[in-house]
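Here are the chains, one letter per residue:
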Amino acid sequence: MSRPTPTTPPTTLSTTVSARRTTPLALLALAVGAFGIGTTEFVMMGLLPDVADDLGVSIPSAGHLVSAYALGVVIGAPLLAAVTARMARRKVLIGLMGLFIAGNALSAFAPTYDYLLAARFLSGLPHGAFFGVGAVVATSMVAPERKARSVSLMFLGLTVANVVGVPVATAMGQQLGWRATFLGVSVIGVAAIAALALLIPHDRVGAPVTGLRGELAALRSLPVWLALGTTVAGFGALFSAYSYITPMLTDSAGYADSSVTLLLALFGVGATVGNLLGGRLADHSMRGTLFGGLVSLIAVLAAFPLLMSTAWSAALAVTLLGVAAFVTGSPLNLMVMERASTAPSLASSANQAAFNLANAGGAWIGGLALAAGFGVTSPALVGAVLALLGLGVAGVAYVVESPSVGRGRVVASHVPVRAEKVHH
């Protein structure tokens, strides 16, 4: 392995020609895992009536299965990232996907509602840590000017899951029974393990010199918490509206219930476009991409009451919502990693926990607007306020940060990764 030149950041895997050649396929392996995780996270929404009927529980009780998964993500993300800090990342990724398979297989064979609730919690545990460790691996295999793009390619699996994985898995559950869906997702997990084992280079990553206590201490930084706060507010804005997108489309735009699935696929297409666009733009201006994405999200959500007045503009609104929200994904993830430079895996995993807090919190706040009688599109206006709050938090972060943090550019030296040996 060649020694890095003075101008080469210590990102290790990107310092060898052979590693550069394996990068696209390695990112594909991460995307396969992300596809499986994205499918199992969102498919439960479409299977709630079937699960409730089969297990003899109410729809609201079945909805707790969604919350159990999100709780698993929030708890598992920082916990698993911290306890696996001393392990080689390739082994960590494979182990996390093994836990993912176990959770989904147990879901498929759960005899009662309580067992299924526990299995869904188990399925959520590896979610955040997989994306957290995966983001560090993805950025370590590319040149500094392609870091945000590499993160977006990994998250491509998550957004494509909303376009392909969730509709197919939902149809499978409706035709073959909901248990078949979780067996199918387990098969995706097996494929992901095979891809990770074959395509992710071997590494020998020791623990950071600061140790576990030092990793946890890295999260005490104000810039880190401001970045996490931006994630909670920004994606809380998304879920405030998206959680109630079906009644908006049917009651306001006049769509039939049967058309909603296709319209939600348009959201997935928009999210995929936004994710790729955000990764590419963030490599040129991380801060500018984040601010631009939040401003776009505010504009789209504020226009929702008008856009939901006709069928064609409602379809446009759903697509634009996906684009505007997911443009911010890659810059937010990289920002958190850079601000906690001694604990990038833990910080990135914590960002996934923040994303799921945004999911639950945004849905709750949007529901308050509906319950107060402000109208079916009122959750979108609440979302616009949350996005404005996120923009404010991002602005505060910009003001308080040291000049050495490299405003607007992705500075690779802020995500130091210990030297790794690549074995082929």
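Remember, it's a predicted structure, so these values are computed and weren't measured experimentally.

Caption draft 1: The arrangement of the overall build of the protein chain in detail. Check the secondary structure of the protein chain and you find 16 helices and zero strands. In the protein chain, buried positions account for 56% of the 424 residues. The long-range share in the protein chain, meaning contacts at least 24 apart out of those at least 6 apart in sequence, stands at 83%. When the accessible surface of the protein chain is totalled, it reaches about 16400 Å², and 70% of it is carbon and sulfur.

Caption draft 2: Up close: the packing of helix H5 (residues 147-176) against helix H10 (residues 260-282). Direction vectors running N to C along H5 and H10 enclose 180°, while the axes themselves pass 8 Å from each other. In terms of orientation, H5 and H10 fall into the roughly antiparallel class. When H5 is examined against H10, the residues Ala-148, Arg-149, Ser-152, Leu-153, Phe-155, Leu-156, Thr-159, Val-160, Asn-162 and Val-163 are found in contact with a partner set consisting of Ala-265, Gly-268, Val-269, Ala-271, Thr-272, Asn-275, Leu-276, Gly-279, Arg-280 and Ala-282. The residue makeup of the contact of H5 with H10, split by class, is 11 nonpolar, seven polar and two charged.

Caption draft 3: Structural view of the packing of helix H15 (residues 344-371) against helix H16 (residues 378-400). One way to put it is that H15 packs onto H16 with a least axis distance of 8 Å and a crossing angle of 135°. The orientation of H15 relative to H16 falls into the category oblique. As H15 runs across H16, the sense of the crossing is right-handed. Contacts from Ile-365, Gly-366, Ala-369 and Leu-370 of H15 reach H16 at Ser-378, Pro-379, Val-382 and Leu-386.

What counts, and at which threshold
- Residues numbered from 1 in each chain as written.
- Predicted model: local features only at pLDDT ≥ 70, side-chain atom pairs only at ≥ 80, totals over all residues.
- Heavy atoms only, no water.
- Helix = DSSP H or I, 4+ residues; strand = E, 2+ residues; numbered from the N terminus.
- Buried < 20%, exposed > 50% of the residue type's maximum accessible area, 1.4 Å probe, protein only.
- Contact = heavy atoms within 4.5 Å.
- Areas by Shrake-Rupley, 256 points an atom, 1.4 Å probe, with all protein chains shown as cover.
- Axes fitted to C-alpha atoms, helices over the stretch in contact; angles between N-to-C directions.
- Parallel < 35°, antiparallel > 145°, perpendicular 65-115°, else oblique.
- Nonpolar A, V, L, I, M, F, W, Y, C, P; charged D, E, K, R; others polar.
- Left-handed = near helix turned anticlockwise from the far one by under 90°.

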